[in-house]
Amino acid sequence: MLRSQVREEIFKILFRYPFVEEEEMGEQIAFSIEDLEGKSEENLEYIQKKTTAILNHREEIDSKIESCCEGWSINRIGKAEIAIMRIAVYEMLFEEEVPERVSINEALELSKRYCDDEARGFINAVLGKVVKSKE
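Residues numbered from 1 in each chain as written. Predicted model: local features only at pLDDT ≥ 70, side-chain atom pairs only at ≥ 80, totals over all residues. Heavy atoms only, no water.

### Focus on the packing of helix 5 (residues 79-94) against helix 6 (residues 100-114)
Step number 1: Where helix 5 meets helix 6, the axes come as close as 9 Å, and the angle between the chain directions of the two elements is 165 degrees. Between helix 5 and helix 6, the interaxial angle falls into the category roughly antiparallel. Judged by the twist between their axes, the crossing of helix 5 over helix 6 is right-handed. Here helix 5 contributes Ala80, Ile84, Ile87, Ala88, Glu91 and Met92 to the contact with helix 6, which in turn contributes Glu100, Ser103, Ile104, Ala107, Leu110, Ser111 and Tyr114.
Step number 2: In terms of residue class, the contact of helix 5 with helix 6 is built from nine nonpolar, two polar and two charged. (Axes fitted to C-alpha atoms, helices over the stretch in contact; angles between N-to-C directions. Helix = DSSP H or I, 4+ residues; strand = E, 2+ residues; numbered from the N terminus. Parallel < 35°, antiparallel > 145°, perpendicular 65-115°, else oblique. Left-handed = near helix turned anticlockwise from the far one by under 90°. Contact = heavy atoms within 4.5 Å. Nonpolar A, V, L, I, M, F, W, Y, C, P; charged D, E, K, R; others polar.)

What follows is the structure, encoded as structure tokens:
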């Protein structure tokens, strides 16, 4: 699997988060991994590890997103948009080996498939502010 495909699988898992009880997310991750049978063990482990890490840092990630959303609370952001931004912000804050522009580009590519055009602009603006807030 390409890293963009891996991100898409992580997105699909994270999208479920608001719709299930928090203690059920481990089970949701396991179900998602099972559905990907036939993929490399390395990719499956990476998906599980990264998804778990994003959820473990969710409060910090969400706080960063919310601080960069002028006038918007995290609860007003679309579920797809927030899942996409959680992946990108996690990479920006915790994965130094992933260039910020790659995280933003991958987020925008996901938004092309799962969001409308207005959401894409919103995601781009928020992620740009996240980058600037780190400087």
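### Focus on the confidence of the model for the protein chain
Step number 1: Confidence along the protein chain averages 92 in pLDDT terms, with 100% of residues attaining 70 or more.
Step number 2: Looking over the protein chain, one finds the lowest element-wise mean pLDDT in helix 2 (residues 25-35), namely 86, and the highest in helix 5, namely 97. (pLDDT = per-residue confidence, 0-100.)

### What about the packing of aromatic side chains?
Step number 1: Taken as a whole, this structure holds four aromatic pairs when the rule is applied.
Step number 2: Ring geometry for Phe11 against Phe15: centres 6.0 Å apart, planes inclined by 40 degrees, an arrangement best described as tilted. Of this pair, Phe11 and Phe15 are both found in helix 1 (residues 3-16), four residues apart, which corresponds to roughly one turn of the helix.
Step number 3: Residue classification places Phe15 among the partly exposed residues on the basis of a relative accessible area of 32%.
Step number 4: One aromatic cluster is present, formed by Phe11, Phe15, Phe19 and Tyr114 through successive ring pairs.
Step number 5: Seen from the ring of Tyr46, Arg3 lies directly overhead, with NZ or CZ sitting 4.1 Å from the centre. (Phe/Tyr/Trp six-rings, centres within 6.5 Å; stacked < 30°, edge-to-face > 60°. Buried < 20%, exposed > 50% of the residue type's maximum accessible area, 1.4 Å probe, protein only. Lys NZ or Arg CZ within 6 Å of the ring centre and 35° of its normal.)

### Details of helix 7 (residues 117-134)
Step number 1: For helix 7, with 18 residues, the first-to-last C-alpha span of 26 Å sits near the 26 Å given by 1.5 Å per residue.
Step number 2: Within helix 7 the residues assigned to the buried category are Ala119, Ile123, Val126, Leu127, Val130 and Val131. Here the buried residues of helix 7 occupy an arc of 145 degrees about the axis, which is enough to place them on one side. Opposite the buried face of helix 7, by more than 90 degrees, sit the exposed residues Asp117, Glu118 and Lys132.
Step number 3: Those residues of helix 7 that are buried are in contact with helix 4 (58-67), helix 5 and helix 6. (Expected span 1.5 Å × (residues − 1). Arc of directions from axis to C-beta.)

### Quick word on the pattern of salt bridges
Pairs may arise between side chains of opposite charge once their charged atoms sit close together.
Step number 1: Counted according to the given criterion, the structure contains twelve salt bridges.
Step number 2: We note a salt bridge from Glu91 to Arg7, for which the minimum N-O separation is 2.8 Å. In this pair, Glu91 sits in helix 5 while Arg7 sits in helix 1, placing the two residues 84 residues apart along the sequence.
Step number 3: Classification of Glu91 as buried rests on a relative accessible area of 1%.
Step number 4: Looking at Arg7, the relative accessible area reads 8%, which means it is buried.
Step number 5: Salt bridges sharing partners connect three or more residues here, namely Arg7, Lys50, Glu91, Glu95 and Glu106. (Salt bridge = Lys/Arg side-chain N within 4 Å of Asp/Glu carboxyl O.)

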